[in-house]
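# Commentary on secondary and tertiary structure
Now for the letters of each chain:
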Amino acid sequence: MGINQQQLIAQFPILKQQINKYPLVYFDNAATTQKPQMVIDRISSYYTSFNSNIHRGVHKLSQKATAAYEQTRIHVKDFINASSSKEIIFTKGTTDSINLLAFSFGETFIKEGDEIIVTELEHHSNIVPWQMLCERKKAKLHVIPVNDKGELLLDKYADLLNKRTRLVAIAHVSNALGTLNPVKEIIDLAHQNKSLVLIDGAQAVAHLKVDVQELDCDFYAFSSHKMYGPMGIGVLYGKKDLLEQLQPYQGGGEMIESVSFEKTTYNELPFKFEAGTPNVADVLGLEASIEFIQKEGIENLAAIENEVLNYATAEFQKIDRIQIVGTAQNKASVLSFLIDGIHPYDVGTILNQFGIAVRTGNHCAEPIMKRLGIRGTIRASFACYNTKEEIDRMVRAIHKTIEMFG
Ligand code: PLP
C-alpha cells in the first residue's frame, strides 16, 4: 500500500471508540462515511471565526465567507475537472441534485411522448424523480435490465435508445451491489443518439478519479457526506450551455437578477440554481474533504479499498452458507451478501453486538432486489480506514452467528 494506513485511520476521531466493548468496525460507508478531523475543524472554524451571510455583505466577515465559499466552487471544479466553476451548483446532496435536474430539465426539454432511460440498479433517488417527471409530462420511463451478476445488459440498452430518448440517468457505481458501470460506453452511445446523460456519482467520487470532461457526461451528481465531508451538501455538475438553457428550480433570494411584479429576471450561472441562504459551513467542510482525498491521493485510497474488498470476497467464498449478491467483473467497495437460513436483520443485529456496523435491507434499491428475487441483503461497504484485520473480525463474527442460529 502506498500510504501509512495507521496515520490515515488516526485522522478519524470517531473510530477510536468501542461499541459493545469491541473496537468499532465501521462497514456502513455507502450510507455515509466518517469525517476526518480536518473536516470537523473547518466547519468549526467557520462558526467560531467568520460565520456570516455571503454575497451581499460589505463587511469583513461576509467578504471572507463569500471568498471561502466561491473558492470551494473552484476547488470542486478542479476535483472533477469541470471546465468552469459556473458549472458547479451546490445542492443539499445527490437526491437534491437529481430532483433539481428532473424539474428544470423536465420543464425545459420534456414533452408528451418523450423517453427517459434509467437502469434496474438505481437507487430510488435516481428513479422516483424521473417517474414523477414522466407522470407530469406524460413521458415514458424505460429501464436497462441487468444479468444475474448485476451487470447492465448493454445490447438491451442499445435497443432502448431511439429518437424520443431525451436523457439517460445512470449510477456510476451501484450502492446495493457495488457494480462499477461502463459509464463512458453508455455516454458515447447516448450521444450518438443525441440523448443527454446524467451520472449519479454518489458512490463513485470517494473511490475513483472522476473527470467529467473525459467522461463527457452532461450532468454529474454527488453528495459530500459519502466522501468524508459533511451531510446536507452536494453538487450538481452540468455543462454550461445546457444549464444556461434550463429553467430555475426554486425561486427566492440570490437566484434573481431583478424582481418586479411585472417581470422577474434570473441571475447568471451558477446562482440561478442556488436560491436562498446557502449552507456555507458545509460547503467549506466539503472543501476540506476534497483536500483530505487529494492529500492522501485517491489512487491510494482506492488501492486500500480494493484490497479489502478482494480479501473480504475471497474469505466469504470460503464460507458455504454465504451467498455473495452482486458478482460483477468490475466492482467498487461494496460487498452485499446473504447467509442461508438467517434473516439479514438478525445478521446485522449480531454483528452489531461485536461492534461491527453493516447495513441490512433493500438499500433504497427495491427494483434490483426484486429482479434478484430477494427482499434485501447484508451490505458491508468499505472506506480508506478499513483493514483486512477488520474483515477477519467480521468473518469470525459470522461464524459465531451461524453457530448461534444453527
Ligand atoms: N444515489 C446513490 C447511488 C446512493 O447510494 C445514494 C445514497 O445512498 C443516493 C443516490 C442518495 O444520496 P443522498 O441521500 O446523499 O442524497
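All chains use their own residue numbering, which begins from 1 and follows the written sequence. Selection of residues for local features in this predicted model requires a pLDDT of at least 70, selection of side-chain atom pairs for listing and counting requires 80 or more, and totals for whole chains, interfaces and linings are taken over all residues. Note: side-chain values were computed over all heavy atoms of the structure, leaving out hydrogens and water.

### What to know about the nonpolar core
Side-chain atoms within 4.5 Å are what join buried Ala, Val, Leu, Ile, Met, Phe, Trp, Tyr and Cys residues into a set we call a nonpolar core. Buried residues are those whose accessible area, probed at 1.4 Å on protein chains only, stays under 20% of the maximum for their type, while exposed residues exceed 50% and partly exposed ones sit between those limits. Formed by 104 residues in total, the largest nonpolar core has its most connected members in Tyr 220, Tyr 228, Met 394 and Ile 398. Each of domain 1 (5–30 + 297–405) and domain 2 (40–294) contributes no fewer than three residues to this core. Once residues lying within four places of it in the same chain are set aside, the contact partners of Ile 398 are Phe 316, Ile 319, Ile 322, Phe 337, Ile 339 and Leu 351. Counting 25 residues, the second-largest nonpolar core is a separate cluster that includes Ile 89, Leu 167, Leu 198 and Phe 219. Each domain's extent was defined by an automatic or database domain assignment. Contacts are assigned to residue pairs that have any heavy atoms within 4.5 Å of one another.

### Points about the packing of helix 12 (residues 344–353) against helix 14 (residues 388–405)
Whenever a helix is involved, its axis is fitted only over the stretch in contact; in every case the axis is a line through C-alpha atoms, and angles between N-to-C directions fall within 0 to 180 degrees. What counts as a helix is a DSSP run of H or I of at least four residues, what counts as a strand is a run of E of at least two, and both are numbered from the N terminus. Running from amino to carboxyl end, helix 12 crosses helix 14 at an angle of 120 degrees, the nearest separation of the two axes being 10 Å. When the axis of helix 12 is compared with that of helix 14, the two are oblique. The chirality of how helix 12 crosses helix 14 is right-handed. Residues Asp 346, Val 347, Ile 350 and Leu 351 of helix 12 touch helix 14, and the partners they reach there are Met 394, Ala 397, Ile 398, Thr 401, Met 404 and Phe 405. A class-by-class count of the residues in the contact of helix 12 with helix 14 yields eight nonpolar, one polar and one charged. For this classification, under 35 degrees means roughly parallel, over 145 means roughly antiparallel, 65 to 115 means roughly perpendicular, and everything else is oblique. Crossings are classed by handedness, with left-handed meaning an anticlockwise turn of the near helix from the far one by less than a right angle and right-handed meaning a clockwise turn. All amino acids are sorted into three groups, where Ala, Val, Leu, Ile, Met, Phe, Trp, Tyr, Cys and Pro are nonpolar, Asp, Glu, Lys and Arg are charged, and the leftover types, Gly among them, are polar.

### Topic: the sheet that holds strand 16 (residues 359–361)
Strand order across the open sheet formed by four strands is 13-14-17-16, with antiparallel pairing between neighbours. A single partner strand is all that each edge strand has here, and the edge strands are strand 13 (322–325) and strand 16. With strand direction ignored, the average angle separating the axes of adjacent strands in the sheet is 30 degrees. Here, any two strands with at least 2 DSSP bridges between them count as paired. Pairing of strand 14 (residues 334–339) with strand 17 (residues 377–381), which is carried by four bridges, proceeds in the antiparallel orientation. From the neighbouring strand, Val 334 faces strand 17, where its bridge partner is Ser 381.

### Here we look at the domain arrangement of the chain
Per the domain assignment, the segments of the chain are domain 1 (5–30 + 297–405) and domain 2 (40–294). Just the C-alpha atoms count here: the centres of domain 1 and domain 2 sit 28 Å apart. Counting residues at the interface gives 36 residues for domain 1 and 31 residues for domain 2. Two parts placed together each lose some accessible area; with a 1.4 Å probe, that loss summed over both constitutes the buried area. Of the roughly 2,700 Å² buried between domain 1 and domain 2 on both sides combined, carbon and sulfur atoms contribute 58%. The largest share of the area that domain 1 buries against domain 2 comes from Ile 298, Ile 368 and Arg 371, three residues that together contribute 22% of it. Salt bridges are identified by distance alone: a Lys or Arg side-chain nitrogen within 4 Å of an Asp or Glu carboxyl oxygen. At the boundary of domain 1 and domain 2, one finds two salt bridges. Here Arg 371 ties to Asp 148 by a salt bridge, and the two come within 2.8 Å at their closest N and O atoms. In protein, a polar contact requires one atom able to donate a hydrogen and another able to accept it; more generally it is a pair of N or O atoms within 3.5 Å, and residues adjacent in sequence count only if both atoms are side-chain atoms. Counting across the interface, domain 1 meets domain 2 through 20 residue pairs in polar contact (both at pLDDT 80 or more). The set of elements that each furnish at least two residues to the side of domain 1 that touches domain 2 consists of helix 11 (298–317), strand 14 and helix 13 (366–371). Ranked by residues supplied to the side of domain 1 that touches domain 2, first place goes to helix 13 with five residues. Its residues placed into classes, the side of domain 1 that touches domain 2 shows 21 nonpolar, ten polar and five charged.

### So, the site of the ligand
Around the ligand sit Ala 30, Thr 94, Thr 95, His 123, Ser 125, Asn 175, Asp 200, Ala 202, Gln 203, Ser 223, His 225 and Lys 226, and those are all the residues in its vicinity. Between an oxygen atom of the ligand and a main-chain N or O atom of Thr 94, the distance comes to 3.4 Å. Contacts to the ligand include Thr 95, whose side-chain N or O atom sits 2.5 Å from an oxygen atom. For the area figures, the Shrake-Rupley method with a 1.4 Å probe applies, and any residue is considered shielded solely by the protein chains shown. Contact with the protein chains covers 85% of the free accessible surface of the ligand, which is 390 Å². Residue composition of the shell around the ligand, by class: two nonpolar, eight polar and two charged. Note on definitions. A residue lies near a molecule or strand when any single heavy atom of the residue is within 4 Å of it.

### So, the sheet that holds strand 6 (residues 140–144)
The strand order across the open sheet built from seven strands is 4-10-9-8-7-5-6, with neighbouring strands paired in mixed fashion. Across the chains shown, the open sheet's two edge strands, defined by having one partner strand only, are strand 4 (88–91) and strand 6. Along the sheet, successive strands turn relative to each other by an average axial angle of 20 degrees, direction set aside. As paired strands, strand 8 (residues 196–200) and strand 9 (residues 219–223) are joined by three bridges and run parallel to one another. Bridging from a neighbouring strand, Leu 198 pairs with Phe 219 of strand 9.

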